[in-house]
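If you want the building blocks of each chain, they are given just below.
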Amino acid sequence: MVRHRYFVGPVAIAAALVLTTGSAAHSSGVGEPASPARVGTMAASAGCGRTPTLTSGTHTIQSSGRNHTFILRIPDNYDINRPYRLIFGFHWLNGTAIDVATGQTVQRDVWAYYGLLRLSNNSTIFVAPQGLNNGWANTGGQDVTFVDDMLRRIEADLCVDTTQRFATGWSFGGGMSYALACARPNVFRAVAVLSGAQLSGCSGGTTPVPYLGVHGIRDSVLNISLGRSLRDTFVRNNGCTAQNPREPSQGSLTHIVTAYSCRAGFPVVWAAFDEGHIPAPQDGAPGVSGSTWVPAETWRFFTQFETTPPPPPPGTGACRATDTVDAWNTGLTSNITITNTGTTTISGWSLVFTLPAGQTITSGWNAGYAPMSGQVTAGNVSYNAEIAAGASVSIGFQATHTGNTAAPSSFALNGATCATG
């Protein structure tokens, strides 16, 4: 039966829990590249306006010294000037990227990319990555780095709305989506975790991210208590009012969806269903179905952010930015110090400034930069995401110039103008 193709046994998952929480949970992004861009600060990726070299199909990239593959699905009649939503779909333990891309374990095509492809109406670029050993152990943060590398490759070539990146997955894939919410809260706008647990670690895990959790009350592989624990992390992070949401009774074969009352822009939704460890439950009958209600809930959750970028994280107080420029012939370096002059810790930041005409960034350190000229956004990386009250972080870049070597005249941190000098 097709259900056996995605079955994940309790012993295998238990082993994954021991191995991955012991390795990845303590990772702090060792060898991590700078984040591609911070959520809510810039809409269009570098690939906008370019004739793409990437096509729908399987692609191979190097990450952490190993070959990795991912399947890409580009919308029909792709428009190089239209920034598209980007959704990552992560497979389960012993599943494959092909399973996600085709939907073959539930209903081919209908359940492609967890049923989201058919709802997207060519509005979304989809990615199905292939995990090492058909899982997402995320040892030393290598799977998060793989995602960083995919983002860099895809967004350099395709037109992506960088405020519209999402991740979802079932079981181990849900654990990987949760790991991204923890480690890349300023990269992904929201995640949907289907019957997941902390299987791929949680580096960070203190910054708000919109969160949808879906879990079966009779899950004998990953008990629903594990899913509730993941949910409650973001109930706290997102400033939600704590509650014990209603869940269906055993034997009802129904589901109940609860929306928490949270900080604006950072919702948490919990959907509990009366079934076991399955990815595509249906109401009124046991087992999986291509007519499952889960894709509609996920799509509704993701698409609510189309026109409303997230507000800056809490704790964004006053700031000061100083810039020291060292110029020569046609090049320069810029060393910027950002100081939190407020009274509370800043958790997650982006610094926006405009480069003088003729300046183009060629490389940078301690932040991710996008785009490379004009109005630039520098976003934090994992090891400097927090700036305590009174503390500073230093970032910088190297750039070319055509004669104007002046520093930017103003800086804004998480939307607030900083003092300079």
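Look a little higher up for the structure.
Given the structure is predicted, the values throughout are model-derived calculations rather than measurements. (Residues numbered from 1 in each chain as written. Predicted model: local features only at pLDDT ≥ 70, side-chain atom pairs only at ≥ 80, totals over all residues. Heavy atoms only, no water.)

## Quick notes on the environment of Leu151
Using the following cut-off: The secondary structure listing takes helices from DSSP runs of H or I that are at least 4 residues long and strands from runs of E that are at least 2 residues long, numbered from the N terminus. Each residue's exposure class comes from its accessible area (1.4 Å probe, protein chains only) as a fraction of the maximum for that residue type: buried when under 20%, exposed when over 50%, partly exposed otherwise.
Its place among the elements puts Leu151 in helix α4 (residues 142–157). By relative accessible area, which is 1% here, Leu151 ends up buried. Considering only alpha carbons, one finds Leu151 and Val187, 36 residues apart in sequence, at a separation of 9.7 Å.

## With respect to the environment of Asn414
Mapped onto the secondary structure, Asn414 falls in the loop between β19 (412–413) and β20 (416–417). Counting along the chain gives 66 residues from Asn414 to Gly348, while the straight-line C-alpha distance between them is 8.6 Å.

## A look at the nonpolar core
Side chains that are nonpolar tend, in soluble globular proteins, to be buried together. Keep this limit in mind: Buried Ala, Val, Leu, Ile, Met, Phe, Trp, Tyr and Cys residues that are joined via side-chain atoms within 4.5 Å together make up what is termed a nonpolar core. Any two residues whose heavy atoms approach within 4.5 Å are treated as being in contact.
Leu72, Phe88, Val147, Met150 and Ile154 are the most contacted members of the largest nonpolar core, which has 52 residues in total. In terms of residue count, the dominant contributor to this core is helix α5 (residues 172–183) (seven residues). If sequence neighbours within four positions are ignored, Val147 has contacts with Phe88, Phe90, Met176, Leu180 and Phe188. Membership of the second largest hydrophobic core comes to 34 residues, among which are Ala101, Tyr114, Trp299 and Phe301.

## Looking at the state of the cysteines
To keep it simple, the criterion reads: Note that a disulfide, as used here, is simply two cysteine sulfur atoms within 2.5 Å.
One pass over the full model with this rule turns up four disulfides. Between the sulfur atoms of Cys48 and its disulfide mate Cys159 the distance is 2.0 Å. Measuring the twist about the S-S bond at about 90°, one finds the Cys48-Cys159 disulfide to be right-handed. Of this pair, Cys48 sits in the loop between α1 (10–23) and β1 (57–63) while Cys159 sits in the loop between α4 and β5 (160–170), and the two are 111 residues apart along the sequence. With a relative accessible area of 21%, Cys48 lands in the partly exposed category. The residue that forms a disulfide with Cys240 is Cys262, at a sulfur-sulfur distance of 2.0 Å. Handedness here is read from the sign of the S-S torsion; for Cys240 and Cys262, about 100°, the answer is right-handed. Residue Cys240 is located in the loop between α6 (224–237) and β8 (255–259), and its partner Cys262 is located in the loop between β8 and β9 (268–273); the two are separated by 22 residues in the primary sequence. Accessibility expressed as a relative area gives 13% for Cys240, which makes it buried. Take Cys262: its relative accessible area is 21%, and that puts it in the partly exposed class. What connects to what in the protein chain, once the bonded cysteines are numbered by sequence position, is 1-2, 3-4, 5-6, 7-8.

## Some words on the packing of α5 against α6
Two numbers describe a pair of packed helices, the interaxial angle and the distance between the axes. Heads up, the rule is: What counts as an axis is a line fitted to C-alpha atoms, over the stretch in contact for a helix, and the angles between N-to-C directions run from 0 to 180 degrees. Throughout, the term roughly parallel applies to angles under 35 degrees, roughly antiparallel to angles over 145, roughly perpendicular to angles from 65 to 115, and oblique to all others. Crossing handedness follows the turn of the near helix against the far one: under a right angle anticlockwise gives a left-handed crossing, and clockwise gives a right-handed one.
As a packed pair, α5 and α6 sit with axes 12 Å apart at the nearest point and diverge in direction by 20°. If you check the angle between α5 and α6, you find them roughly parallel. The chirality of how α5 crosses α6 is left-handed. Here Tyr178, Ala181 and Cys182 of α5 lie close against α6, whose contacting residues are Leu230, Thr233 and Phe234.

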